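As a plain string of letters, each chain reads:
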Amino acid sequence: MRYVILGRDVPDSLDKRLAARAEHLARLTALQTAGRLVLAGPCPAIDSPDPGAAGFTGSVIIADFDSLAAACAWADADPYLAAGVYQSVEVLPFKQVF
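Let me begin by describing the structure that accompanies this report. (Residues numbered from 1 in each chain as written. Predicted model: local features only at pLDDT ≥ 70, side-chain atom pairs only at ≥ 80, totals over all residues. Heavy atoms only, no water.)

## Comments concerning the overall build of the protein chain
Scanning the protein chain from terminus to terminus reveals three helices and four strands. The linear arrangement of helices and strands in the protein chain, starting from the amino end, is β-α-β-β-α-α-β. Compactness check: the protein chain gives a C-alpha radius of gyration of 13 Å against a globular reference of 13 Å for 98 residues, within 12% of the reference. When its C-alpha atoms are laid out on the principal axes, the protein chain stretches across 35 × 30 × 25 Å. Here the protein chain holds 98 residues, and 30% of them are scored as buried. Sequence separation of at least 24 residues holds for 73% of the intrachain contacts in the protein chain that already meet a minimum separation of 6. For the protein chain, the exposed surface amounts to about 5800 Å²; the carbon and sulfur share of it is 56%. The distance from the centre of the 8 positive side-chain charges to the centre of the 11 negative ones in the protein chain is 5 Å. (Helix = DSSP H or I, 4+ residues; strand = E, 2+ residues; numbered from the N terminus. Rg over C-alpha atoms; globule rule 2.2 N^0.38 Å. Buried < 20%, exposed > 50% of the residue type's maximum accessible area, 1.4 Å probe, protein only. Contact = heavy atoms within 4.5 Å. Areas by Shrake-Rupley, 256 points an atom, 1.4 Å probe, with all protein chains shown as cover. Lys, Arg positive; Asp, Glu negative; His and termini not counted. Charge placed at Lys NZ, Arg CZ, Asp CG, Glu CD.)

Spelled out as structure tokens, the structure:
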């Protein structure tokens, strides 16, 4: 089943985000290689594809997992969470219609 993972950044997280980015992207690449990643990306803090110093407010990941527990376990191991980028992470079942 598909799950949406919503990570919400702490204020002024850009430096922490950049420091943990390579490890975060490596995990997403592994999901993509396994054919389980639907989409992933950050939410800019301003209305711009490149927010610069304004940074980001969080991230959205939609991927296939065997269960909600598996999706939660994967999200709990995110380098952004360990690095203090995310202040919270929510994992929800997702039914893709379009």
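That was the structure; now back to the text.
## Some details on the sheet that holds strand E4 (residues 86–94)
With antiparallel pairing, the four strands of this open sheet are ordered in space as E2-E3-E1-E4. Both edges of this open sheet fall to strand E2 (37–44) and E4, since each of them pairs with a single strand only. Adjacent strand axes in the sheet meet at a mean angle of 10°, parallel and antiparallel pairs treated alike. With seven bridges connecting them, E2 and strand E3 (residues 56–64) associate as antiparallel partners. Within the sheet, the bridge partner assigned to Pro44 lies in E3 and is Phe56. The sheet contacts of helix H1 (residues 14–33) involve strand E1 (2–9), E2, E3 and E4, and relative to E3 the element is tilted by about 10°. Relative to the sheet, helix H2 (residues 68–76) contacts E1, E3 and E4, its axis offset from that of E4 by approximately 155°. (Pairing = 2+ DSSP bridges. Axes fitted to C-alpha atoms, helices over the stretch in contact; angles between N-to-C directions.)

## Notes on H2
Those residues of H2 lying buried are Ala71, Trp74 and Ala75. The buried residues of H2 occupy one face: seen down the axis, they fall within an arc of 100°. Set apart from the buried face of H2 by more than 90 degrees, the exposed residues are Ala69 and Asp76. Contact partners of the buried residues in H2: E1, H1, E3, helix H3 (79–82) and E4. (Arc of directions from axis to C-beta.)

## Focus: the side chain of Asp9
The topology assignment puts Asp9 in strand E1. Side-chain polar atoms of Asp9 contact the side chain of Arg17, separated by 2.9 Å. Non-local contacts of Asp9, meaning those with residues more than four positions away in its chain, are made with Arg17, Phe56, Thr57, Gly58, Val85, Tyr86 and Gln87. (Polar contact = N/O pair within 3.5 Å; in protein donor to acceptor, adjacent residues only side chain to side chain.)

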